[in-house]
Structure formats: C-alpha cells, structure tokens
Amino acid sequence: MKIARWGNSLAVRLPAETVRNLDLKEGDSVEITLKRGGEQLDLGFEERRQRAVERMRAMQVTLPPDYKFDREEANRRGE
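Undergrad: Quick question: what am I supposed to make of unusual backbone geometry here?
TA: One can expect most non-glycine residues to show negative phi and most peptide bonds to be in trans. The phi dihedral of Asp23 falls on the positive side, at around 55°, and the residue is not glycine. Mapped onto the elements, Asp23 comes out in the loop between helix H1 (16-22) and strand S3 (31-35).

Have a look at this one:
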C-alpha cells in the first residue's frame, strides 16, 4: 500500500479487493498497529461489534435466532 497526500494529511489507500474481502464500508474504523518489519492492519470494527453484542446481552435483550444487522437498512431509517 502506498501513502498519499490527502489535503494536509497523509492517507493509506486500501485496494478494492481488500475492501470487498473485509466488507469495509465508508465510516468503518480500522486500527494500524506498528510492528517491527512492517505494519499490521487490525480491524477495530469487529471488536466494537463484539462489545455491542456483550452490552446487549448484559441488558438482557433477546434477539431472534435469525437476527442479522443490516447497515444499509439502519442508515435508511436514520435519514
């Protein structure tokens, strides 16, 4: 991956195939962890999703067995 200028900042552009494989959407967050000899890209959204599920369980919210969150539907409801 290359670093490019984006206004006054620097940015890393993710290849389209990587974005598709990881099902990334605009607004998702990622964390970059520096390691000796290179970088490692950690996907922070999975950890946040897991924490949200744990908070719902703590509130004793019961979801249907076939429940699946639909980001696009949620965004439409928020408009």
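The discussion continues.
Undergrad: Would you mind showing me how to read the pairing of strand S2 (residues 9-12) here?
TA: Remark: a regular strand shows side chains that alternate across the two faces of the sheet. Pairing geometry for strand S1 (residues 3-6) and S2, over 4 bridges, is antiparallel. Bridging across to S2, Arg5 finds its partner in Leu10. As consecutive antiparallel partners, S1 and S2 are separated by 2 residues, and within that stretch Gly7 has a phi angle of approximately 65°, a positive value.

Undergrad: Looking at this structure, how should I read the pattern of salt bridges?
TA: Side-chain pairs of opposite charge can arise whenever the charged atoms involved come near each other. Tallying each qualifying case throughout the model produces 2 salt bridges. Residue Asp23 pairs with Lys25 through a salt bridge whose shortest N-O separation is 2.4 Å. The shortest N-O distance in the salt bridge between Asp28 and Arg71 comes to 2.8 Å. Taken together, the residues Asp28 in the loop between H1 and S3 and Arg71 in helix H3 (residues 71-77) connect sequence positions 43 residues apart. Residue Arg71 is classed as partly exposed on the basis of its relative accessible area of 30%.

Procedures and definitions
Residues numbered from 1 in each chain as written. Predicted model: local features only at pLDDT ≥ 70, side-chain atom pairs only at ≥ 80, totals over all residues. Heavy atoms only, no water. Helix = DSSP H or I, 4+ residues; strand = E, 2+ residues; numbered from the N terminus. Pairing = 2+ DSSP bridges. Salt bridge = Lys/Arg side-chain N within 4 Å of Asp/Glu carboxyl O. Buried < 20%, exposed > 50% of the residue type's maximum accessible area, 1.4 Å probe, protein only.

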